[in-house]
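As a plain string of letters, each chain reads:
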Amino acid sequence: MTSVLDSIIQGVHEDLAARKAQVSLAELKRIVTEVPAALPAAKLLADREFSVIAEVKRASPSKGFLSEIPEPAELAAQYQLGGAQVISVLTEQRRFNGTLTDLDEVRHNVSIPVLRKDFMVDEYQFWEARAHGADVILLIVAALDDNDLANFNSLSQEFGMSVLVEVHNEAELARALKLKPELVGVNARNLKTLDVDLAVCEHLIPLIPQNVFAVAESGISTTSDVERLVAAGARAVLVGEALVTGGTPAETVREWTKAGAIARANYLHGKS
């Protein structure tokens, strides 16, 4: 039976073939030599006790349409104003209504690191990400074999991009840790069924070594959710839906950043 993840990746390959026909790998490589160096996202995150990674997200496979977002650059500016430390931009077209143009517009309008959020399954996409100014990319362990994980991780590092390695269970975490990652994201959403359970984060994040920056992803909609995840050891939350549908993105990011920092201090005090 084909899972949701399998279906998404099939579409990604089809859309990728169309883009390859329009822009050659050689052209991307030429562009990469001209773009500014990637911002050191992993270091910038590590320098803070807690951060919000705020996402530009128009739709999702589970909820469908979320928000028009006619001006992604303006939304990203609001996120930065509220204190977000990284902006995540969905560029997958079929299920998330994202585009590389969104990534371009956001990159040109903010001074903080930008994450290209997509299902990265081909070397071309990494050259593409860097050509469009991405500072961070996502590697989804469930979507890649160990060989691709290692090769894509190395290529991203050669570009100077930070890598957020995403996991959903203990087996995937074990595979991720072989990469000696700086950033590991625990996704509370099962990409095969789309079910969400924050308990997945609470279970897996304590298993992440202390020297690896832990990010909680998906299903986060309230300040209490943020506090709950930080209590499990999260150093950041990646949030899209709640921000694009809530109406006050800057204020929400500001509130969650403050609450997360307080919860992090309490977490560290409990560890001491």
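Quick notes on the rules
In this convention, every chain numbers its residues from 1, walking through the sequence in written order. Two thresholds apply to this predicted model, a pLDDT of at least 70 for residue-level local features and 80 or more for giving and counting side-chain atom pairs, whereas whole-chain, interface and lining totals are computed over all residues. By convention in this description, side-chain values take in all heavy atoms of the structure and omit both hydrogens and water. A run of H or I in DSSP becomes a helix once it reaches four residues, and a run of E becomes a strand once it reaches two; helices and strands are each numbered from the N terminus. Note on method: radius of gyration uses C-alpha positions; expected globular size equals 2.2 Å times residues raised to 0.38. Type-normalised accessible area, obtained with a 1.4 Å probe on protein chains alone, sets the label of each residue: buried when under 20%, exposed when over 50%, and partly exposed for intermediate values. Two residues form a contact once any of their heavy atoms are found within 4.5 Å. Accessible areas in this description were obtained via Shrake-Rupley with a 1.4 Å probe; residue shielding takes into account the shown protein chains only. His is not counted, nor are the chain ends, whereas Lys and Arg count as positive and Asp and Glu as negative. Note on charges: their place is set at NZ of Lys, CZ of Arg, CG of Asp or CD of Glu. The term nonpolar core refers to a set of buried residues drawn from Ala, Val, Leu, Ile, Met, Phe, Trp, Tyr and Cys, joined through side-chain atoms within 4.5 Å. Multiply 1.5 Å by the residue count of a helix minus one, and that product is the helix's expected span. Note: the arc covers the axis-to-C-beta directions of the helix. Throughout, right-handed denotes a crossover for which the path from the first strand over the helix to the second runs clockwise when the strands point away from the viewer. At least two DSSP bridges between two strands are needed for those strands to be called paired. Think of a salt bridge as a Lys or Arg side-chain nitrogen and an Asp or Glu carboxyl oxygen that are within 4 Å of each other. Axis lines are fitted through C-alpha atoms, for helices just across the contact stretch, and the angle between N-to-C directions can take any value from 0 to 180 degrees.

Student: Account for the overall build of the protein chain, naming residues and giving values.
Tutor: For the protein chain, the helix and strand inventory stands at 12 helices and 10 strands. On C-alpha atoms alone, the protein chain measures out to a radius of gyration of 17 Å, which is about the 19 Å that the 2.2 N^0.38 rule sets for 272 residues. When each of the 272 residues of the protein chain is scored for burial, the buried share is 55%. Across the protein chain, contacts joining residues at least 24 apart in sequence account for 68% of those joining residues at least 6 apart. When the accessible surface of the protein chain is summed, it comes to about 11700 Å², and 51% of that surface belongs to carbon and sulfur atoms. Seen as two clouds, the 26 positive and the 37 negative side-chain charges of the protein chain have centres 3 Å apart.

Student: Lay out the nonpolar core with the relevant residues and their values.
Tutor: Counting residues in hydrophobic clusters, the biggest one holds 92 residues, and the most contacted among them are Tyr79, Ile87, Ile220 and Val237. Those residues within four positions of Tyr79 in sequence are excluded, and the remaining contacts are Ala54, Glu55, Val56, Ala84, Ile87, Leu243, Val244, Pro249 and Val253.

Student: Before we move on, could you go through helix 1 (residues 4-22) and cite the residues and values that matter?
Tutor: What sets the pattern is the α-helix's 3.6 residues per turn: residues three or four places apart point alike. For helix 1, which comprises 19 residues, the first-to-last C-alpha distance of 28 Å matches the rise-based estimate of 27 Å (1.5 Å per residue) to within 8%. Buried within helix 1 are the following residues: Leu5, Ile8, Ile9, Gly11, Val12, Asp15, Leu16 and Arg19. Seen along its axis, helix 1 keeps its buried residues to an arc of 160°; they face one direction. Lining the buried residues of helix 1 we find helix 5 (100-109), strand 5 (114-117) and helix 6 (123-131).

Student: Which residues make up unusual backbone geometry, and what values do they have?
Tutor: Despite not being glycine, Asn97 shows a phi value in the positive range, around 55°. Residue position: Asn97 is located in the loop between strand 4 (86-90) and helix 5. Residue classification places Asn97 among the partly exposed residues on the basis of a relative accessible area of 38%. Despite not being glycine, Leu194 has its phi angle at roughly 75°, a positive value. Checked against the element boundaries, Leu194 lands in the loop between strand 8 (183-187) and helix 9 (198-204). Residue classification places Leu194 among the buried positions, given a relative accessible area of 18%.

Student: Lay out the pairing of strand 7 (residues 162-167) with the relevant residues and their values.
Tutor: Across the six residues of strand 7, six count as buried, placing the element largely inside the fold. Assessed by its sense of winding, the connection that carries the chain from strand 6 (residues 136-140) through helix 7 (residues 146-158) to strand 7 is right-handed. As paired elements, strand 7 and strand 8 share four bridges and run parallel to each other. Within strand 8, the position partnered with Val167 by the bridge is Val186. Regarding topology, helix 8 (residues 170-177) serves as the crossover connection from strand 7 to the parallel strand 8, and that connection is right-handed.

Student: For the pattern of salt bridges, give the residues involved together with the corresponding values.
Tutor: Evaluated as defined, the whole model comprises 16 salt bridges. Here Asp122 makes a salt bridge to Lys20, at a shortest N to O gap of 3.1 Å. Highlighted residues: Asp122 in the loop between strand 5 and helix 6 and Lys20 in helix 1, separated in sequence by 102 residues. With a relative accessible area of 19%, Asp122 lands in the buried category. Glu202 is the salt-bridge partner of Arg228, the closest N and O atoms lying 2.8 Å from each other. With Arg228 in helix 10 (residues 223-231) and Glu202 in helix 9, this residue pair connects regions lying 26 residues apart in the sequence. Residue Glu202 is classed as partly exposed on the basis of its relative accessible area, which comes to 29%. Taken together, the shared-partner salt bridges in this structure form one network comprising Arg19, Arg116, Asp118 and Glu128.

Student: Provide a residue-level description of the sheet that holds strand 6, including the pertinent values.
Tutor: The strand order 1-4-5-6-7-8-9-10 describes a closed barrel built from eight strands, whose pairing is parallel. Within this sheet the neighbouring strands show an average axis-to-axis angle of 25°, counted without direction. Pairing analysis gives four bridges linking strand 1 (residues 51-56) to strand 10 (residues 236-239), with the strands arranged parallel. Residue pairing across strands places Ala54 opposite Val239, the latter belonging to strand 10.

Student: Break down helix 7 for me, citing the residues and quoting the values.
Tutor: Relative to the 18 Å expected for 13 residues at 1.5 Å per residue, helix 7 spans 18 Å between its end C-alpha atoms, a close match to the ideal helical length. Among the residues making up helix 7, those that are buried are Leu149, Phe152, Asn153, Leu155 and Ser156. Looking straight down helix 7, one finds that the buried residues subtend no more than 165° of arc, so they occupy a single side. Looking at the buried positions of helix 7, the neighbouring elements they touch are helix 6, strand 6, strand 7 and helix 8. At the C-terminal side of helix 7, Gly160 shows a positive phi close to 85°.

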